[in-house]
Amino acid sequence: CKGPGVCRGGRKNMALRCAASLAAGRQPRGPRLLRAAREGTVRWSSAAKASAVKIKEKASREKILTLESMNPQVKAVEYAVRGPILLKAGEIEKELRKGIKKPFTEVIKANIGDAHAMGQRPITFLRQVVALCTYPNLLDSPSFPEDAKKRARRILQDCGGNSLGSYSASQGINCIREDVASFIERRDGGVPADPDNIYLTTGASDGIATILKILVSGGGKSRTGVMIPIPQYPLYSAAISELDAIQVNYYLDEENCWALDVNELRRSLNEARAYCNPKVLCIINPGNPTGQVQSRKCIEEVIHFAWEDKLFLLADEVYQDNVYSEGCQFHSFKKILYEMGPEYYNNVELASFHSTSKGYMGECGYRGGYMEVINLHPEIKGQLVKLLSVRICPPVSGQAAMDIVVNPPIPGEESYSQFIKEKESVLNNLAKKAKLTEDMFNKVPGIHCNPLQGAMYAFPRIFIPSKAIEEAKAHKMAPDMFYCMKLLEETGICVVPGSGFGQREGSYHFRMTILPPVDKLKILLENVKDFHIKFLEKYA
């Protein structure tokens with residue numbers, strides 16, 4: 001490239017060479033030239049500027065992917081737990097780091113059930129086994145107990161090349177699926193479980209989305225309808241939107257501790273049959289966000305309903321270890337189905353889900369989980385494995401973590417006493433925090449909280465004055481979103497509005513995790529109380 005261009009520093013023709021190179025589709029050579037161009041220290045000649053303008057004009061074609069051209073089903077997806085409220089919390093955190101003064105010093109993210117982020121300590125044994133699997137050289141270390149080494153060796157023997165870094169079978173590592181089946185049999189008092197019906201997943205969410213994907217079909221009035229509880233965990237509405245299925249709401253009874261009423265299921269089903277083909281019934285037990293634990297009688301009624309109306313049952317049981325209230329007990333749908341007799345057990349199609357993320361483990365980041373699917377048509381089973389094989393396999397480290405959830409230390413093993421101490425400490429602590437949260441909320445005028453029977457959230461009903469509702473409308477917000485934004489901006493507490501989970505018309509709620517340490521939780525609850533009273537005074 002030849003020309004009269006001269007750049008700062010006496011390098012002749014540099015600016016023009018840069019423009020000509022760009023025009024020819026080549027990168028300008030030399031790191032200093034690139035840096036100078038980026039930093040604006042190149043003195044461009046008029047010829048170079050003209051070339052750059054032409055290049056820019058050529059480059060500014062229309063984008064292929066826009067909001068108008070994108071998949072409309074993806075655009076319809078909403079996930080309130082990580083929605084606008086969390087984005088705002090992130091902005092506030094950045095402002096705090098810059099030294100911008102706020103009426104608080106930190107953002108408390110009580111929006112999501114992320115136990116370790118809230119300070120919960122990992123279960124030692126689980127981390128030991130995963131560490132041994134990740135770095136097998138540690139198997140020679142005297143610092144690790146033999147029962148942890150035994151489990152790690154067994155897992156590694158089923159891994160390609162004895163390495164956690166290899167792919168597994170799409171359905172998951174065989175010995176871990178065997179351990180899951182043994183766990184289910186112990187949990188359910190001897191009800192048989194077949195490892196071939198076990199599928200290891202990337203958290204429970206992956207399993208739920210996969211089963212829904214294979215269930216959804218048809219068009220128009222024959223499009224698949226999926227019955228979900230309201231309030232619900234937004235994974236369900238998001239997956240239904242993405243699949244362009246039909247969401248069929250049934251309402252939990254807030255006045256009766258968020259109980260599930262089969263008469264409400266019947267109403268919902270009959271109404272939905274006018275516009276879709278309802279064939280899936282989703283149950284969350286213990287409930288999220290509502291925390292109710294279903295009784296044996298209720299589960300029997302739901303199973304009979306599904307059997308009678310030919311519905312595929314999805315039982316989300318990730319909080320099965322999180323039961324706190326006296327008189328409440330977790331019953332798996334699989335166990336009750338078996339005990340109802342062969343007419344039910346051999347016919348009702350059921351997928352049930354579990355995860356490493358909740359319970360006493362709180363290992364969200366490993367993304368470990370499983371689903372057990374029973375009474376699946378043999379040909380559909382092949383289709384399910386095919387679908388799972390597209391994503392190759394779930395994270396193998398997450399599979400290893402799931403193994404320790406279902407195959408923990410047993411009495412007589414050297415790690416048992418420490419394991420059981422840590423497990424009971426976590427669960428007892430959660431039970432205390434559940435009661436503390438319920439009691440403190442119910443002392444606040446304009447807030448009502450049902451007993452937190454299980455899971456790890458409170459879902460209190462809040463009174464929002466009409467003046468605040470009008471202001472929310474002016475800001476184009478749902479009233480409870482407006483409330484939660486104000487709460488975040490004034491206290492630094494991040495919770496999720498009930499509208500993100502669904503609620504009866506005219507009622508307002510928010511979901512808040514009970515995971516923070518007790519001392520921080522008390523402060524959080526006091527701050528919510530003070531905010532709510534001021535909010536009522538301002539908008540009364």
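Residues numbered from 1 in each chain as written. Predicted model: local features only at pLDDT ≥ 70, side-chain atom pairs only at ≥ 80, totals over all residues. Heavy atoms only, no water.

## So, the pattern of salt bridges
In plain terms, the rule: Take a side-chain nitrogen of Lys or Arg and a carboxyl oxygen of Asp or Glu: if they are within 4 Å of each other, that pair is a salt bridge. In DSSP terms, a helix is any run of H or I states spanning at least four residues, a strand is any run of E spanning at least two, and both are numbered starting from the N terminus. For the exposure calls, accessible area comes from a 1.4 Å probe over protein chains only, and a residue counts as buried if that area is under 20% of its type's maximum, exposed if over 50%, partly exposed in between.
Considering all chains together, one arrives at 28 salt bridges under this definition. A salt bridge links Glu413 to Arg151; the nearest nitrogen and oxygen atoms lie 2.9 Å apart. Of this pair, Glu413 sits in the loop between helix H16 (396–406) and helix H17 (416–441) while Arg151 is found in helix H7 (residues 146–157), placing the two residues 262 residues apart along the sequence. Note on Glu413: relative accessible area 19%, which makes it buried. Linked through salt bridges whose partners overlap, the residues forming this network are Arg266, Arg273, Glu308 and Asp309.

## Let's talk about empty space enclosed by the protein
Convention followed: Put plainly, a pocket is an open set of points on a 1 Å grid over the protein atoms alone with protein on both sides within 12 Å along at least five of seven lines, a cavity is a set where a 1.4 Å probe fits but cannot get out, and a lining residue has an atom within 4 Å of a point. Grid points are joined across faces, edges and corners, and a volume is the space filled by probe spheres set on the points.
A complete count under the given rule lists five cavities of 30 Å³ or more for this structure. By volume, the largest cavity is sized at about 50 Å³. Lining of the largest cavity is provided by Pro229, Pro231, Tyr250, Leu252, Leu260, Ile283, Ile284, Gly287, Asn288, Thr290, Gln292 and Gln294.

## Some thoughts on the sheet that holds strand S13 (residues 496–497)
Sheet strands pair via backbone hydrogen bonds, and the direction of the pair is either parallel or antiparallel. We apply this condition: Any two strands between which DSSP finds at least two bridges are classified as paired.
Read from one edge of the open sheet, three strands run S10-S14-S13, paired in antiparallel fashion. Unpaired on one side and paired on the other, strand S10 (457–458) and S13 mark the two borders of the sheet. Strand direction decides the pairing type here: S10 and strand S14 (residues 510–513), joined by two bridges, are antiparallel. Across the sheet, residue Tyr457 finds its bridge partner in S14, namely Thr513.

## Focus on the sheet that holds strand S6 (residues 312–316)
Heads up, the condition is: Fitting a line to C-alpha atoms yields each axis, with helices limited to the stretch in contact; the angle taken between N-to-C directions then spans 0 to 180 degrees. In what follows, a contact means two residues having at least one pair of non-hydrogen atoms within 4.5 Å.
Within the open sheet, the seven strands sit side by side as S2-S8-S7-S6-S5-S3-S4. Their pairing is mixed. What marks the edges here is a single partner per strand, and that holds for strand S2 (198–202) and strand S4 (246–251). Strand-to-strand, the axes of this sheet are offset by a mean angle of 25 degrees, without reference to chain direction. Examined bridge by bridge, strand S5 (residues 277–284) and S6 share five bridges and lie parallel to one another. Its bridge partner lying in S6, Val280 is registered against Phe312. In the packing of helix H10 (residues 235–242) onto the sheet, contacts are made with strand S3 (224–230), S4, S5 and S6, and the angle to S3 comes to roughly 160 degrees. Along the sheet, H16 contacts S2, strand S7 (350–355) and strand S8 (368–374); its crossing angle with S8, the most-contacted strand, is approximately 70 degrees.

## Let's talk about the environment of Phe104
The topology assignment puts Phe104 in the loop between helix H5 (84–97) and strand S1 (108–109). Overall, the relative accessible area of 10% leaves Phe104 in the buried class. When the C-alpha positions of Phe104 and Thr491 are compared, they lie 6.0 Å apart, and in sequence the two are 387 residues distant. Beyond its immediate sequence surroundings of up to four residues, Phe104 is in contact with Ile92, Leu96, Leu488, Glu489, Glu490, Thr491 and Gly492.

## Section: the state of the cysteines
What counts is decided by this rule: For the purposes of this analysis, a disulfide is any pair of cysteine sulfur atoms at a distance within 2.5 Å.
One pass over the full model with this rule turns up zero disulfides. Not part of a disulfide, Cys328 finds its nearest cysteine sulfur in Cys257, a span of 7.4 Å. By relative accessible area, Cys328 is classed as partly exposed at 21%.

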